[in-house]
Amino acid sequence: MSASPLVGLLDSGVGRSFVPDEWPRRSFVIGDDGEVVLRDDGAPDRLGHGTELGRIILGGCPEARLAVARIFIDRMVCTPAAAAAGLDWLIGKGARIVNMSFGLAQDRVVLRESCERAIASGALLVAAAPARGRPVFPGSYRGVVRVSGDARCKPGELSLLGGKQADFGACVGRPGTGGGFETAGGASFAAAHFSGLAATYLSVDPEADGGRVLQAMERLSSYHGPERRGAAP
């Protein structure tokens with residue numbers, strides 16, 4: 001019998017009709033005094049990004065449940081303190097996998113320490129990693145799984161990259177309105193595909209910690225090595 005793993009979504013919230021009311025949802029905003037404020041407002045998604053990620057995760061693992069920490073409110077910008085507070089809350093709610101489809105330009109102690117606590121708890125942290133350019137955070141923190149888009153990968157497939165920029169590659173599509181998948185995004189969607197597959201493994205091995213889930217994802221990978229431009233899939 002499959003379990004129902006709890007996947008944390010650290011992003012822009014979710015559509016109000018998308019997830020059941022009983023699934024945990026909170027917003028993390030910066031108050032007038034500069035401190036992070038937690039709001040029990042249902043984490044509405046004004047940007048649509050978190051809702052798309054949630055659809056991908058649940059499409060990969062229909063048995064999963066989502067815990068949603070909304071850190072992007074009116075635009076895809078947040079403070080490291082808000083991201084750290086949201087991550088701590090997700091882990092406190094029991095999230096075993098946390099999807100972080102964003103990248104902050106600079107290392108900040110508050111976010112780094114939050115990631116360290118989450119990993120020490122046995123959770124698997126999954127972050128988007130750009131295929132090129134400067135490293136971003138939280139993807140560059142030790143123990144965080146870095147996922148980039150890989151054109152070779154269809155839904156349900158992974159590539160084991162093991163490179164300087166990313167650890168894994170995954171599909172960049174999203175569920176289409178008429179069924180199937182349509183090409184839509186890059187690393188942010190790829191991270192969600194990875195999280196969905198990781199949740200599927202956790203649903204059949206609910207006692208697995210992040211390390212064991214990661215080993216399973218390595219075994220699942222259909223491709224090894226970097227994607228080569230112009231090569232046949």
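Data block above holds the structure.
These notes cover the structure that comes with them.

Structural notes on the packing of helix 1 (residues 49-60) against helix 4 (residues 187-204)
Piece 1. With their axes 7 Å apart at the nearest point, helix 1 and helix 4 run at an angle of 35 degrees to one another. Read as a crossing pair, helix 1 and helix 4 show a hand that is right-handed. From helix 1, His49, Glu52, Leu53, Ile56, Ile57 and Gly60 reach across to helix 4, where they touch Ser188, Phe189, Ala192, His193, Ser195, Gly196 and Thr200.
Piece 2. Of the residues that constitute the contact of helix 1 with helix 4, the class distribution is 5 nonpolar, 7 polar and 1 charged.

Points about the pairing of strand 2 (residues 25-30)
Piece 1. Pairing geometry for strand 2 and strand 4 (residues 65-70), over 3 bridges, is parallel. Looking at the pairing, Arg25 lines up with Val68 of strand 4.
Piece 2. Here strand 2 runs beside strand 3 (residues 36-39); their pairing, made up of 4 bridges, is antiparallel. Residue pairing in the sheet places Ser27 in a bridge with Arg39 of strand 3.
Piece 3. Joining the antiparallel neighbours strand 2 and strand 3 is a turn of 5 residues, in which Gly34 adopts a positive phi near 85 degrees.

A look at the packing of helix 2 (residues 80-92) against helix 3 (residues 109-120)
Piece 1. At a closest axis distance of 8 Å, the pairing of helix 2 and helix 3 adopts a crossing angle of 15 degrees. Here helix 2 lies roughly parallel to helix 3, going by the angle between them. The two elements helix 2 and helix 3 cross, and the hand of that crossing is left-handed. Residues Pro80, Ala81, Ala83, Ala84, Leu87, Asp88 and Ile91 of helix 2 form the contact with helix 3, whose participating residues are Val110, Leu111, Ser114, Cys115, Arg117 and Ala118.
Piece 2. Each residue belonging to the contact of helix 2 with helix 3 can be placed in one class, and the counts come to 10 nonpolar, 1 polar and 2 charged.

Looking at the sheet that holds strand 7 (residues 145-149)
Backbone-to-backbone hydrogen bonds pair the strands of a sheet. The strands run either parallel or antiparallel.
Piece 1. Strand order in the open sheet formed by 10 strands is 3-2-4-1-5-6-7-9-8-12, with mixed pairing between adjacent strands. Each having just a single partner strand, strand 3 and strand 12 (223-224) make up the two edges of the open sheet.

How each quantity is defined
Residues numbered from 1 in each chain as written. Predicted model: local features only at pLDDT ≥ 70, side-chain atom pairs only at ≥ 80, totals over all residues. Heavy atoms only, no water. Axes fitted to C-alpha atoms, helices over the stretch in contact; angles between N-to-C directions. Helix = DSSP H or I, 4+ residues; strand = E, 2+ residues; numbered from the N terminus. Left-handed = near helix turned anticlockwise from the far one by under 90°. Contact = heavy atoms within 4.5 Å. Nonpolar A, V, L, I, M, F, W, Y, C, P; charged D, E, K, R; others polar. Pairing = 2+ DSSP bridges. Parallel < 35°, antiparallel > 145°, perpendicular 65-115°, else oblique.

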